[in-house]
Amino acid sequence: MAYDIALLRGDGIGPEIVDSAVAVLRAVGKKYGLDFNFTNYLIGGAAIDETGVPLPEETVKGCLGAQCVLLGAVGGPKWDGLPGDRRPEKALLGIRSALGLYTNLRPARLFPALSDECPLRRDIVDRGFDLMIVRELTGGIYFGDRGYRDGRYGREAFDTESYSAYEVERIARAAFSIAGGRRKKVTSVDKANVLETSRLWRATMEKVSEEYPDVELGHMFVDNAAMQLVRDPGQFDVIVTSNMFGDILSDEASQISGSIGLLPSASLGEGSRGMYEPIHGSAPDIAGQGIADPLAAILSAAMMLRISLGLEREADDIERAVDQAISDGFRTPDIARAGGESVTTREMTQAVIDRI
Ligand code: NAD
């Protein structure tokens, strides 16, 4: 059986880490007799340089024709001076909306072997945590009306947050279904004491929760959630929240996990096709040095196997190999102890492959 996977390697460390994920997928394919067809498409700065636009039509077509998409990262100083709608990052919003991806899953867990790197207090670390942030991806303030106008103090800028009940219902169902396969607890994060969109969000969560009687629903204000994530992350199973709150909370969650270089993500829509990518950016400061941590990209590939391709055993195998490589002491510089030894991107990738 052959699986068609579109690769969007992008900019900065994107190509290095996507190459690592592909090498690991090939190793899994060899072990289990699976055939992966990988096709590269341009995105971001690389696409601007070659075609003049960050998201060429051919890329959209190629991704729509694939079973799933693996993305590295886009952006870098070379393109920072371009106007907003021509910047590499614009391609991310474009490809998500072209593929109808409105659910973003960001797991964050403690890797026991890295517990010394966790910035939290020892007693909190000892309790451990394994949570999933479900972030709404195509609505809210990042997509609302924006502009400039004359205000009371002169010229002012504005951005608008809006959510329909429909948009909240579908992200709620995604969160409840995911929680059903985990510890059956959903915490919906909002700012319902201030925002009207949050009041609709909360009421809609309550309504949809009736369809999932075995999943417990709780609510938390976003300011409290930000605090609880560092005070007691173990209390969370699934956190569901809006686009902007999810953006912020998931970076916070990444930090308590040890390194931004470890965290994968999945973006999903209605069908089985999804786009999988590390949560970090293109890290221009270390691009081309061969020292990027490939684990977030490799773990994104594992999520892709499990969620879009239904290859649970193969996904487990990759995750176990990553855990083992870390436990065996392999560390790229981002997770190495101060003054400790570190390995290159290639060496870390090989360490994972050797454990598959
Ligand atoms: P970043 O995530 O690229 O880097 C932040 C810090 O984390 C840097 O010090 C970097 O070296 C480090 N880091 C990130 N990934 C790492 C890895 N795999 N291994 C080791 N260290 C890693 O964020 P930034 O510096 O704010 O943004 C850089 C560029 O990436 C910008 O152009 C930004 O717009 C873009 N960006 C893209 C995406 C995406 O493609 N999804 C996401 C965020 C930022």
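Before reading on, note that the structure itself is shown above.
Criteria and cut-off values
- Residues numbered from 1 in each chain as written.
- Predicted model: local features only at pLDDT ≥ 70, side-chain atom pairs only at ≥ 80, totals over all residues.
- Heavy atoms only, no water.
- Helix = DSSP H or I, 4+ residues; strand = E, 2+ residues; numbered from the N terminus.
- Expected span 1.5 Å × (residues − 1).
- Buried < 20%, exposed > 50% of the residue type's maximum accessible area, 1.4 Å probe, protein only.
- Arc of directions from axis to C-beta.
- Contact = heavy atoms within 4.5 Å.
- Salt bridge = Lys/Arg side-chain N within 4 Å of Asp/Glu carboxyl O.

Give a description of helix α9 (residues 243–257) that names residues and reports values.
Between its terminal C-alpha atoms α9 stretches 21 Å, which fits the 21 Å expected from 15 residues at 1.5 Å a residue. For α9, the full list of buried residues reads Asn 243, Phe 245, Gly 246, Leu 249, Ser 250, Ala 253, Ser 254, Ile 256 and Ser 257. End-on view of α9: buried residues confined to an arc of 160 degrees, all on one side of the axis. Against β4 (103–109), β5 (130–136), β8 (185–190), α7 (196–209), α8 (222–231) and β10 (238–241) lie the buried residues of α9. Positive phi appears at Gly 258, one or two residues downstream of α9, with a value of about 130 degrees.

Run through the pattern of salt bridges, naming residues and quoting values.
Within the structure shown, the criterion is met by 29 salt bridges. Measuring nitrogen to oxygen at the nearest pair gives 2.7 Å for the salt bridge that ties Asp 49 to Lys 78. Of the two residues, Asp 49 is situated in helix α2 (residues 45–51) and Lys 78 in the loop between β3 (68–73) and α4 (90–98); the sequence distance between them amounts to 29 residues. Taking the relative accessible area as the measure of exposure, Asp 49 reaches 45% and is therefore partly exposed. For Lys 78, a relative accessible area of 60% corresponds to the exposed category. Where Asp 232 meets Arg 127, a salt bridge forms, and the shortest distance between an N and an O atom there is 3.9 Å. Of the two residues, Asp 232 sits in the loop between α8 and β10 while Arg 127 sits in helix α5 (residues 122–127), which places them 105 residues apart along the sequence.

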